[in-house]
Amino acid sequence: MADSVMKEYHKLLRNADKLYDGQVEFVLDHGEEVDKDGGVEEQKENELHIFFFVTPKDGLYKNARIKFQMKVEEDSYPASPPIVLCKNSVYHPNINILSDYENEADICVNLLEDDWEPEVGLDGAVMAVLFLFYNPQLDDALSPVCDCSVEYDEFEENVRRSLRGEKIRGYCFEKLLICDTEPEVKQIEGDATTTTTVTATTESVVTEQGVAKDLRLENFFFFFFFFVPLMDIYGCSPISAMKSVVRFRSSASHRALC
């Protein structure tokens, strides 16, 4: 494997916590944490295999731990994107389901296909996978289990059920939640209408004036698309905007819980 690719990989390991706000963990294929000073998981003569878990801090997939494998081919990278495969059965419109004879599933991310640019790099490829869980594309479904015609509320419920290991449309999903708790309701001192409600998909803070500061995922999508027209003005790359959104979303979730 070329030195340039290995240097980029080791830099990714060193900066992972800062880049992904603790939402991505790099591991060996059998689950052990990678040594950030080295620790190549699996390497063929011209191909590097990188394994990592994604655990979103917010959104529909909050607290779900999903494993991925990224294959980097020396002969084609960075001109061509790395190949990213999902190693778990997850109910997501843009992730295919595992079959009886395959232990990995394709994912559909434009940045790792037609929109790929060499500047995206390995860190951007992983960020694109993380962003997929904050922005599932129902109108471009890859998974045969996800019905694009369902209402969004039904899709939300299907996600919650699947992450608990329940069956959806005849397909059995793995239990992927690392923390499966009931919605918590806390009363804040002051007006009786002042409450903080925490659920698997919503952090909603109601002020003493009764004004809801809704941090629902829909507003997060709006926040992202607000960045798009600014990219041309300030020369911001798509991956930079994506990083800003993920950091904003996880920090907003933290503030809502404080």
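Please refer to the structure placed before this passage.
Residues numbered from 1 in each chain as written. Predicted model: local features only at pLDDT ≥ 70, side-chain atom pairs only at ≥ 80, totals over all residues. Heavy atoms only, no water.

Colleague: I would appreciate a short explanation of the packing of helix 1 (residues 3–20) against helix 2 (residues 121–132) in the present structure.
Modeller: A pair of packed helices is characterised by two quantities: the angle between their axes and the separation of those axes. Look at helix 1 against helix 2: their axes get within 8 Å of each other, and the N-to-C directions meet at 45°. By the criterion of interaxial angle, the relationship of helix 1 to helix 2 is oblique. The handedness of the crossing between helix 1 and helix 2 comes out as right-handed. Taking contact as the criterion, the partners of Val5, Glu8, Tyr9, Leu12, Leu19 and Tyr20 in helix 1 are, on helix 2, Gly121, Leu122, Asp123, Val126, Met127 and Leu130. Here the residues of the contact of helix 1 with helix 2 are counted per class, giving 9 nonpolar, 1 polar and 2 charged. (Axes fitted to C-alpha atoms, helices over the stretch in contact; angles between N-to-C directions. Helix = DSSP H or I, 4+ residues; strand = E, 2+ residues; numbered from the N terminus. Parallel < 35°, antiparallel > 145°, perpendicular 65-115°, else oblique. Left-handed = near helix turned anticlockwise from the far one by under 90°. Contact = heavy atoms within 4.5 Å. Nonpolar A, V, L, I, M, F, W, Y, C, P; charged D, E, K, R; others polar.)

Colleague: I would appreciate a short explanation of unusual backbone geometry in the present structure.
Modeller: If a residue is not glycine, its phi is most likely negative; likewise, a peptide bond is most likely trans. Here the residue pair tyrosine 77 and proline 78 is connected by a cis peptide bond, since its omega of 10° sits within 30 degrees of zero. Turning to its location among the elements, proline 78 is positioned in the loop between strand 4 (66–73) and strand 5 (83–86). Phi is positive for asparagine 63, close to 70°, though the residue is something other than glycine. Relative to the helices and strands, asparagine 63 resides in the loop between strand 3 (47–54) and strand 4. Judged by its relative accessible area of 23%, asparagine 63 falls in the partly exposed class. (Buried < 20%, exposed > 50% of the residue type's maximum accessible area, 1.4 Å probe, protein only.)

Colleague: What's the story with the environment of leucine 111 in this structure? I'm lost.
Modeller: Assignment of secondary structure puts leucine 111 in the loop between strand 6 (105–106) and helix 2. C-alpha separation for the pair leucine 111 and proline 81, spaced 30 residues apart in sequence, amounts to 8.6 Å.

Colleague: For this particular structure, what's the right way to read the packing of aromatic side chains?
Modeller: Each pair of aromatic rings is reported with the distance of its centres and the angle of its planes. Using the criterion set out here, one finds 9 aromatic pairs in the structure. Both rings, one in phenylalanine 68 and one in phenylalanine 133, keep their centres 6.0 Å apart while their planes meet at 70°; by these two values the pair is edge-to-face. In this pair, phenylalanine 68 is assigned in strand 4 and phenylalanine 133 in the loop between helix 2 and helix 3 (152–163), connecting sequence segments 65 residues apart. Take phenylalanine 68: its relative accessible area is 0%, and that puts it in the buried class. Here phenylalanine 133 falls in the buried class, since its relative accessible area comes to 0%. Pairing tyrosine 152 with phenylalanine 155 gives two aromatic rings, centres 5.8 Å apart and planes at 45°, and the pair type is tilted. Taken together, the residues span about one helical turn, with tyrosine 152 and phenylalanine 155 both in helix 3 at a distance of 3 residues. Under the relative-accessibility criterion, tyrosine 152 is labelled partly exposed at 23%. Counting every residue linked through ring pairs, the aromatic cluster contains Phe26, Phe52, Tyr61, Phe68 and Phe133. (Phe/Tyr/Trp six-rings, centres within 6.5 Å; stacked < 30°, edge-to-face > 60°.)

Colleague: Any chance you could explain helix 1 here in plain terms?
Modeller: Structurally, the α-helix is built with 3.6 residues per turn, so residues lying three or four positions apart point the same way. When the terminal C-alpha atoms of helix 1 are compared, their 24 Å separation across 18 residues agrees well with the 26 Å that a helix rising 1.5 Å per residue should span. At arginine 14, helix 1 shows its maximal bend, which comes to roughly 55°. Just past helix 1, the residue aspartate 21 takes up positive phi, approximately 55°. (Expected span 1.5 Å × (residues − 1). Bend = angle between axes of the 7 residues up to and from the residue.)

Colleague: Please explain the pairing of strand 3 as it appears in this structure.
Modeller: The element strand 3 is largely enclosed, with a buried count of 8 among its 8 residues. Of the two faces of strand 3, the one carrying Glu47, His49, Phe51 and Phe53 and the one carrying Leu48, Ile50, Phe52 and Val54 are both buried. Here strand 1 (residues 24–27) runs beside strand 3; their pairing, made up of 4 bridges, is antiparallel. Directly across from phenylalanine 26, in strand 3, lies its bridge partner phenylalanine 52. With 8 bridges joining them, strand 3 and strand 4 adopt antiparallel strand pairing. Residue pairing in the sheet places phenylalanine 53 in a bridge with lysine 67 of strand 4. (Pairing = 2+ DSSP bridges.)

Colleague: Teacher, can you tell me more about the environment of aspartate 139 here?
Modeller: Relative to the elements of secondary structure, aspartate 139 occurs in the loop between helix 2 and helix 3. Sequence separation between aspartate 139 and serine 149 is 10 residues; the distance between their C-alpha atoms is 8.7 Å.

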